[in-house]
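As a plain string of letters, each chain reads:
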Amino acid sequence: MRAQFVLSEIGVGLRRNLTMTFAVVVSVALSLALFGGALLMRNQVNEMKTYWYDKVNISIYFCNKNDAETGVPQCAKGAVTAEQKQQVKADLEKMDIVDKVYYEDADQAFKHYKEQFGDTPMANVLTPDQMQESYQIKLKDPEKYKVVTTAFQGRAGVQAVEDQRSILDQLFELMNGMNVAALFLMGLMLVIALMLIVNTVRVSAFSRRRETGIMRLVGASSFYIQAPFIMEAAVAGLIGGALACVMLVLGRYFLIDHGLALADKMELVNFIGWDAVLTKLPLVLAISLLMPALAAFFALRKYLKV
Amino acid sequence: MIRFDNVSKSYPKQNRPALRDVSLEVEKGEFVFLVGSSGSGKSTFLRLLLREERASQGQVHVLGKDLARLSNWKVPQMRRQLGTVFQDFRLLPNKTVAENVAFAQEVIGKPRGEIRKAVPQVLDLVGLGGKEDRMPGELSGGEQQRVAIARAFVNRPMLLIADEPTGNLDPQTSVGIMKLLDRINRTGTTVVMATHDQQIVDQMRKRVIELEKGRLVRDQSRGVYGYQH
């Protein structure tokens, strides 16, 4: 088989079906960009999970005077007493799953709040009195936060047990939901891409039936007859895959580093690095090459007699 | 060269089989006319030879191979030893005469040097020397059929199968084509030709095989088109 002959056949075929080729390229590019995006989103969620779950604690907030006066129902019996605090601490230390317990008094809480929110109107009217004393608890196994929550919720002197994890979980759930949506959309685009490829092959096989008929009669091998069609699909797919790669790289660049610049706006979030993006590219390219080629191969079995 | 042993072929959705219990043998170097009215099974016979179809019953041997046992991927290899010519020429309209002939060699991976030598040779043989660069559309029907024959013959097949090669040609041109086929036959190539052309069959006095409703009804050496009453 001569490469030049085959290459020129591919070129002719792709140009003949220019609109169809364009449609294949675009649909492959979009579906694989979504696929890559979904993979990266999963990476991002995992990255954030390991980072945040490590830092996240359960906080047990105690009633302060202010709570008692403003009539917070859990604090009807007045501010927390030293004994109550002592009791909570002792109980916490008895629990196996608790790793460490830090105490934070109202002044420290006030300071932290100021640090975090600075000059906002809310921070300016706040006084140390309004802040609550709390225990910040670090668990050995963050999955078991419920044990702590149920144990201390509603105890005398405890205003609230807050599991910061559940707040994060909502965020992660949202991200996972977006992920599922992206994958669903990807599946849809992929089906469209495959159907376009099958159709392209059908049209292409029909418009070349004279050539392929002669090839068959003079004894060209089926591989030789099919190769131009399969390679046409593979080339179109590869162009689409390359476009998807470009979209992924640009996507990370404009979302995280520049443009939207989320890395600057959300300093607390650990974003995925370039390595995560770059390792996805070979996979995207491989799929963009193999999937259309396979689709073309199966389409040929139906539309091209060899 | 060709052997049919009790071959039947029926197509799905058709009550009457296209071929019924046909047995015959064609030796190397023979020239055989296949005659019969439309629907008599001539085309099916040729399709079985090319292994475009498989026999429903019986055995078809071509070039010493049992076609039923020939695996699909070996079929191209077998077809390289066959040449085929059709009523409608089947040339590529966007390729020149020489390219059309060369195509048959390119697609089976013949080296370029060999193609460059073989193509002018075979075009000379069919009487188209000097017309290498013409397009098929510029040629007469007879000339186009000569190109098709050149393409079929360029790989020097053992067996040439012609399906009504003169069906679209006037009698005079047909005679020219038949002379060419006869010359090819004299080089030792077996020729099987399906035809409706009574004049040609009667003139050539070659072996005649007649099919009727799928049955072999006549096998006559030095025969004529129809029975003479």
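Reading guide: rules and limits
Residues numbered from 1 in each chain as written. Chains lettered and ligands numbered in written order. Predicted model: local features only at pLDDT ≥ 70, side-chain atom pairs only at ≥ 80, totals over all residues. Helix = DSSP H or I, 4+ residues; strand = E, 2+ residues; numbered from the N terminus. Rg over C-alpha atoms; globule rule 2.2 N^0.38 Å. Buried ≥ 20, exposed ≤ 12 C-beta atoms within 10 Å, placed from the backbone. Contact = placed C-beta atoms within 7 Å. UniProt positions renumbered as here; feature names shortened; annotations may be inferred. Core = buried A, V, L, I, M, F, W, Y, C linked by C-beta atoms within 7 Å. Domains from an automatic or database assignment. Nonpolar A, V, L, I, M, F, W, Y, C, P; charged D, E, K, R; others polar. Pairing = 2+ DSSP bridges. Axes fitted to C-alpha atoms, helices over the stretch in contact; angles between N-to-C directions. Parallel < 35°, antiparallel > 145°, perpendicular 65-115°, else oblique. Left-handed = near helix turned anticlockwise from the far one by under 90°.

J.: Looking at this model, I keep getting lost on the overall build of chain B. Mind explaining?
T.: Secondary structure assignment for chain B yields seven helices and ten strands. Computed over C-alpha atoms, the radius of gyration of chain B comes to 18 Å, within 12% of the 17 Å expected from 2.2 N^0.38 for 229 residues, which places it in the range of a compact globule. In terms of overall dimensions, chain B has C-alpha extents of about 50 × 45 × 35 Å along its principal axes. Relative to its full complement of 229 residues, chain B shows a buried share of 42%. Of all intrachain contacts in chain B linking residues separated by at least 6 positions in sequence, the fraction that spans at least 24 positions is 67%.

J.: Would you take a moment to explain the UniProt feature "transmembrane region" (unreviewed entry) in chain A for this structure?
T.: Mapped onto this numbering, the UniProt entry annotates "transmembrane region" (unreviewed entry) at residues 21-41, 180-202, 223-256 and 276-300 of chain A. A helix fraction of 100% and a strand fraction of 0% characterise residues 180-202 of chain A, whose end C-alpha atoms lie 33 Å from each other.

J.: For this particular structure, what's the right way to read the nonpolar core?
T.: Nonpolar side chains in soluble globular proteins generally cluster together in the buried interior. Membership of the largest hydrophobic core comes to 70 residues, with the highest contact counts inside it found for L34, V101 and A150 of chain B. Other than its neighbours up to four places away in sequence, A150 of chain B contacts V101, V122, L123, V126 and L128 of chain B. Core analysis: the next-biggest nonpolar cluster, separate from the first, contains 43 residues, V201, V235, A236 and V277 of chain A among them.

J.: Would you mind showing me how to read the domain arrangement of chain B here?
T.: By a widespread convention, an interface's size corresponds to the accessible area lost as its parts come together. Residue and element names in this part refer to chain B. With domains assigned, chain B is organised as domain 1 (1-81 + 157-223) and domain 2 (93-156). Relative placement of domain 1 and domain 2: their C-alpha centres are 24 Å apart. The interface is formed by eleven residues belonging to domain 1 together with eleven residues belonging to domain 2. Looking at which element gives the most residues to the side of domain 1 that touches domain 2, the answer is helix α6 (residues 171-186), with five residues. Residues that form the side of domain 1 that touches domain 2 fall into these classes: seven nonpolar, three polar and one charged.

J.: How do you make sense of the interface of chain A and chain B when you look at a structure like this?
T.: The interface is formed by 14 residues belonging to chain A together with 14 residues belonging to chain B. For the side of chain A that touches chain B, the secondary structure elements donating two or more residues are α9 (209-217) and α10 (222-257) of chain A. Ranked by residue count, the leading element in the side of chain A that touches chain B is α9 of chain A, at six residues. The residue inventory of the side of chain A that touches chain B, partitioned by class, reads eight nonpolar, four polar and two charged.

J.: Explain the sheet that holds strand β2 (residues 98-104) of chain A to me, please; I cannot follow it from the model alone.
T.: Note: strands within a sheet are paired through backbone hydrogen bonds, in either parallel or antiparallel orientation. All names here are of chain A. Reading across the sheet, the four strands line up as β2-β3-β1-β4 and stay open at both edges, with antiparallel pairing between neighbours. Only two strands of the sheet have a single neighbouring strand rather than two, namely β2 and β4 (158-163). Each strand axis lies, on average, 15° off the axis of its neighbour in the sheet, ignoring direction. Both strand β1 (residues 58-62) and strand β3 (residues 134-139) contribute to a ladder of four bridges, which runs antiparallel. By the bridge assignment for β3, I58 is matched with I137. Against the sheet, helix α4 (residues 82-94) engages β1, β2 and β3, with an angle of about 160° to β2.

J.: Can you help me understand the sheet that holds strand β5 (residues 65-66) of chain B in this one?
T.: Residue and element names in this part refer to chain B. With respect to topology, four strands assemble into an open sheet ordered β2-β1-β4-β5, the strand pairing being antiparallel. The sheet is open, and its two edges are formed by β2 (19-26) and β5, each paired on a single side. The sheet contact formed by strand β1 (residues 2-9) and β2 spans five bridges and is antiparallel. If you follow I2 over to β2, its bridge partner there is V26.

J.: When you look at the domain arrangement of chain A in this model, what are you seeing that I'm missing?
T.: According to the domain assignment, chain A consists of domain 1 (3-52 + 169-303) and domain 2 (56-164). Computed from C-alpha atoms alone, the centre-to-centre distance between domain 1 of chain A and domain 2 of chain A is 51 Å.

J.: Sorry, what's going on with the packing of helix α8 (residues 164-207) of chain A against helix α12 (residues 274-303) of chain A here?
T.: When two helices pack together, their arrangement is given by the angle between the helix axes and the distance between those axes. All names here are of chain A. Running from amino to carboxyl end, α8 crosses α12 at an angle of 45°, the nearest separation of the two axes being 9 Å. Here α12 runs oblique to α8, going by the angle between their axes. Of the two elements, α8 crosses α12, and the hand of that crossing is right-handed. Contacts from L194, I197, V198, V201, R202 and A205 of α8 reach α12 at P292, A295, A296, A299, L300 and Y303. Of the residues in the contact of α8 with α12, the class split is eleven nonpolar, no polar and one charged.

J.: Would you explain the environment of K206 of chain B in this entry?
T.: Residue and element names in this part refer to chain B. Its place among the elements puts K206 in the loop between α7 (198-204) and β9 (207-212). According to the C-beta neighbour criterion, K206 is buried, with 20 such atoms within 10 Å. Put simply, K206 and Q220 are 14 residues apart on the chain and 8.4 Å apart in space, counted from C-alpha to C-alpha. The residues contacting K206, other than those within four sequence positions of it, are F31, V32, F33 and R222.

J.: Just to check I follow, could you spell out the pairing of β1 of chain A for this structure?
T.: Along any regular strand, the residues point their side chains to alternate faces of the sheet. Residues and elements named next belong to chain A. Within β1, four of the five residues are buried, which leaves the element mostly enclosed by the surrounding structure. Sheet topology note: the β1/β4 ladder contains five bridges and is antiparallel. Residue pairing in the sheet places I58 in a bridge with D163 of β4.

J.: I keep staring at the packing of helix α3 (residues 97-106) of chain B against helix α4 (residues 112-125) of chain B and nothing clicks. Help me out?
T.: Residues and elements named next belong to chain B. One can describe the packing of α3 onto α4 by two numbers: an axis separation of 10 Å at closest approach and a directional angle of 125°. Here α4 runs oblique to α3, going by the angle between their axes. When you trace α3 past α4, the crossing you get is right-handed. Between α3 and α4, the residues in contact are V97, A98, V101, A102, Q105 and E106 and I115, A118, V119, V122 and L123, respectively. Residues that form the contact of α3 with α4 fall into these classes: nine nonpolar, one polar and one charged.

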